[in-house]
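Tertiary structure, described
Here is what each chain is made of, one letter per residue.
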Amino acid sequence: MRHHPDASVAAQERDDQGPSPVRRSAGAPDERRAPDRAASRSWLAFERALTHALAVLEDEQFLILERKRANALVQFAAQGAGGLRVEASPNASPRSDEDLGRRELRLLRKLGWHRPTRKAGPPRGVEVSPDSSPNFFRNYQHPAPFAAIAALAVETVREVYGVAHRGELAYRAFDANGPDLLLPTLRLNRSRHSSGPTPNEVVARRLRNQDELEAAVLKTLTESMGIADLAFDENGSLSLSYEDLPVFLRVGAEAPIVSLVAATLHKVEPTHELLAELNHLNNTRAFLNFSHLNESAVVGIDIDCNPFVGEVLLRAMALIGKVAVEVSRDLHQQFGGETPTDAREGAPRSANGGAVTVN
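The sections below set out a description of the structure shown in this document. Only a predicted model underlies this, so the values are computations on that prediction, with no experimental measurement involved. (Residues numbered from 1 in each chain as written. Predicted model: local features only at pLDDT ≥ 70, side-chain atom pairs only at ≥ 80, totals over all residues. Heavy atoms only, no water.)

Let's talk about helix H3 (residues 146-160)
Rules: Helix numbers and strand numbers start at the N terminus; a helix is a DSSP run of H or I with at least 4 residues, a strand a run of E with at least 2. What a helix should span is 1.5 Å times the count of its residues minus one. For each residue, the accessible area found with a 1.4 Å probe, counting protein chains only, is set against the maximum for its type, and the residue is called buried under 20%, exposed over 50%, and partly exposed in between.
For H3, built from 15 residues, the straight-helix expectation of 21 Å at 1.5 Å per residue is met to within 8% by its first-to-last C-alpha distance of 20 Å. The buried fraction of H3 is high, at 13 of 15 residues. Just past H3, the residue Gly-162 takes up positive phi, approximately 70°.

A closer look at a positive patch on the surface
Quick reminder of the rule: What goes into a patch is any residue over 30% in relative accessible area without a salt bridge, connected to like charges within 9 Å or, for nonpolar side chains (Val, Leu, Ile, Met, Phe, Trp, Tyr), within 5 Å. Accessibility throughout is a Shrake-Rupley quantity obtained with a 1.4 Å probe, and a residue counts as covered only by protein chains that appear here. Salt bridge, as used here, is a side-chain nitrogen of Lys or Arg placed within 4 Å of a carboxyl oxygen of Asp or Glu. By the counting rule applied here, Lys and Arg register as positive and Asp and Glu as negative, while His and the ends of each chain are not counted. Charge coordinates come from a single atom per side chain, which is NZ of Lys, CZ of Arg, CG of Asp or CD of Glu.
The grouping of Arg-102, Arg-106, Arg-109, Lys-110 and Arg-115 at the surface amounts to a positive patch. Looking at the element boundaries, Arg-106 is found in helix H2 (residues 102-111). Overall, the relative accessible area of 44% leaves Arg-106 in the partly exposed class.

A word on the nonpolar core
Grouped burial of nonpolar side chains is what soluble globular proteins tend to show. Formally: The criterion is simple. A nonpolar core is a set of buried Ala, Val, Leu, Ile, Met, Phe, Trp, Tyr and Cys residues joined through side-chain atoms within 4.5 Å. Should any heavy atoms of two residues lie within 4.5 Å, those residues are considered in contact.
Core analysis: the largest hydrophobic core is formed by 41 residues, its most contacted members being Phe-46, Leu-50, Leu-63, Phe-76 and Leu-186. Those elements giving two or more residues to this core turn out to be helix H1 (37-56), strand S1 (61-67), strand S2 (72-78), strand S3 (84-88), H2, strand S4 (136-140), H3 and strand S5 (169-175). A per-element tally of this core places H3 first, with eight residues. With residues up to four places along the chain from it excluded, the contact list for Leu-50 reads Leu-63, Leu-65, Phe-76, Ala-150, Ala-153 and Leu-186. Formed by 39 residues, the second largest nonpolar core is a distinct cluster that contains Leu-238, Leu-249, Val-251 and Val-327.

Things to note about the packing of aromatic side chains
Short version of the rule: Each pair of aromatic rings taken from Phe, Tyr and Trp, with Trp reduced to its six-membered ring, is defined by centres within 6.5 Å and is described as stacked if the planes are under 30 degrees apart, edge-to-face if over 60, and tilted in the remaining cases. Counting as a charge over the ring demands two things of the Lys NZ or Arg CZ atom: a distance within 6 Å of the ring centre and an angle within 35 degrees of the ring normal.
Per the counting criterion, the structure on display carries two aromatic pairs. Ring geometry for Phe-62 versus Phe-174: centroids 5.2 Å apart, planes at 25°, classification stacked. Linking Phe-62 in strand S1 with Phe-174 in strand S5, this pair joins segments that are 112 residues apart in sequence. Taken individually, Phe-62 and Phe-174 each receive the classification buried, so the pair is uniform in this respect. Over the aromatic face of Phe-137 sits the side chain of Arg-85, whose NZ or CZ is 4.7 Å from the ring centroid.

Quick word on the pairing of strand S9 (residues 257-266)
Every regular strand shows the same layout, with side chains that alternate between the two sheet faces. Filter applied, for reference: Strands are treated as partners if at least two bridges between them are detected by DSSP.
Where strand S8 (residues 245-251) meets S9, four bridges bridge the pair, whose relative direction is antiparallel. In the strand pairing of S9, Leu-249 is matched with Leu-260. Turn length for the S8-S9 hairpin, with the two strands adjacent in sequence and antiparallel, is five residues. Here nine bridges tie S9 to strand S11 (residues 296-304), and the two strands are oriented antiparallel to one another. Each bridged residue has a counterpart across the sheet, and for Leu-260 the counterpart in S11 is Ile-301.

Side note on the packing of helix H5 (residues 272-284) against helix H6 (residues 310-335)
Two numbers describe a pair of packed helices, the interaxial angle and the distance between the axes. Using the following cut-off: Each axis is a line fitted through C-alpha atoms, and for a helix only the stretch in contact is used; angles between axes span 0 to 180 degrees, taken between their N-to-C directions. Angle categories: roughly parallel below 35 degrees, roughly antiparallel above 145, roughly perpendicular from 65 to 115, and oblique for all the rest. Take the far helix as the reference: if the near one is turned anticlockwise from it by less than a right angle, the crossing is left-handed, and if turned clockwise, right-handed. As a working rule, the residues Ala, Val, Leu, Ile, Met, Phe, Trp, Tyr, Cys and Pro are called nonpolar, Asp, Glu, Lys and Arg charged, and the rest polar, with Gly in that last group.
H6 packs onto H5 with a crossing angle of 155° between their chain directions and a minimal axis gap of 11 Å. Judged by the angle between their axes, H5 and H6 are roughly antiparallel. Between H5 and H6 lies a crossing whose hand is right-handed. Residue-level inspection shows Glu-273, Leu-274, Glu-277, Leu-278 and Leu-281 of H5 in contact with H6, the latter providing Val-327, Leu-331, Gln-334 and Phe-335. By residue class, the composition of the contact of H5 with H6 is six nonpolar, one polar and two charged.

That is the geometry; function is a separate question.
Put into structure tokens, the structure is as follows:
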């Protein structure tokens, strides 16, 4: 894979299946801070948001957590089928070259971090192994346990680097081939190292009610797909198609949530074997929910749209459509039934007269 100058990441032997048990308190009793319930809730919310962000990173994309106006603390490198690599800074403070102290080193070992395998900045002309790292690191096989990795990162940021509140953090996310990535669901400020907004970025905004959310969804679809006259029905729902497979979208009435559902197989009984396969898919496909409903096997996803980011919605639609097509083919081979490809007539039409397609 390509190396980014700001992230020491490489494909390496996959020696970690998951992190060591994460302790929520560490160090001697006199080192522990008094519990702050509000701060704890904030960290738990951030942990969930980080889990989601890690799950959507694609091959050769990077996410770095920094202390504001300082250097990197923890960084993540997605390697596609090769898994995920996580690294932690060896410095005691964000503005110091001093190595970590004994307490921090003990805690890093307890959390399962591996020691750096080389010094930073080797002499010019010296060949560096792509498997080496000047940082503490962990490697995870595909599919990576994103929730456990997020818990490890939060524990490391809090206890090793002493970050008291998530508001002290900023993030940087980018693709190895160029553009910065926007991850608004982290609800962190972007790092000062980021290159700044690009013309293609969609600015996150908070919505006050269901009507505003519906309007934002329709505006995003209209501008992105050239849909002329798409409208929600009386139940707050609409339908699209992905490679001729129907994808249904619904806006929540009581919360700023957009739900996407796609059928993967029709006219199939909920046998023990089918339910076991759907449970297996639930365990291997992060943030997607597979179930049996009204003689159909379906897949769904809920998107938190506060704040609303049109690009996040479009990526989720493409994800569920792609997965539904793949799963529909596999389930049909195993369990028979009917695929949903031709199950619906009168799909919304695009400006060029074809069925609306989520790309």
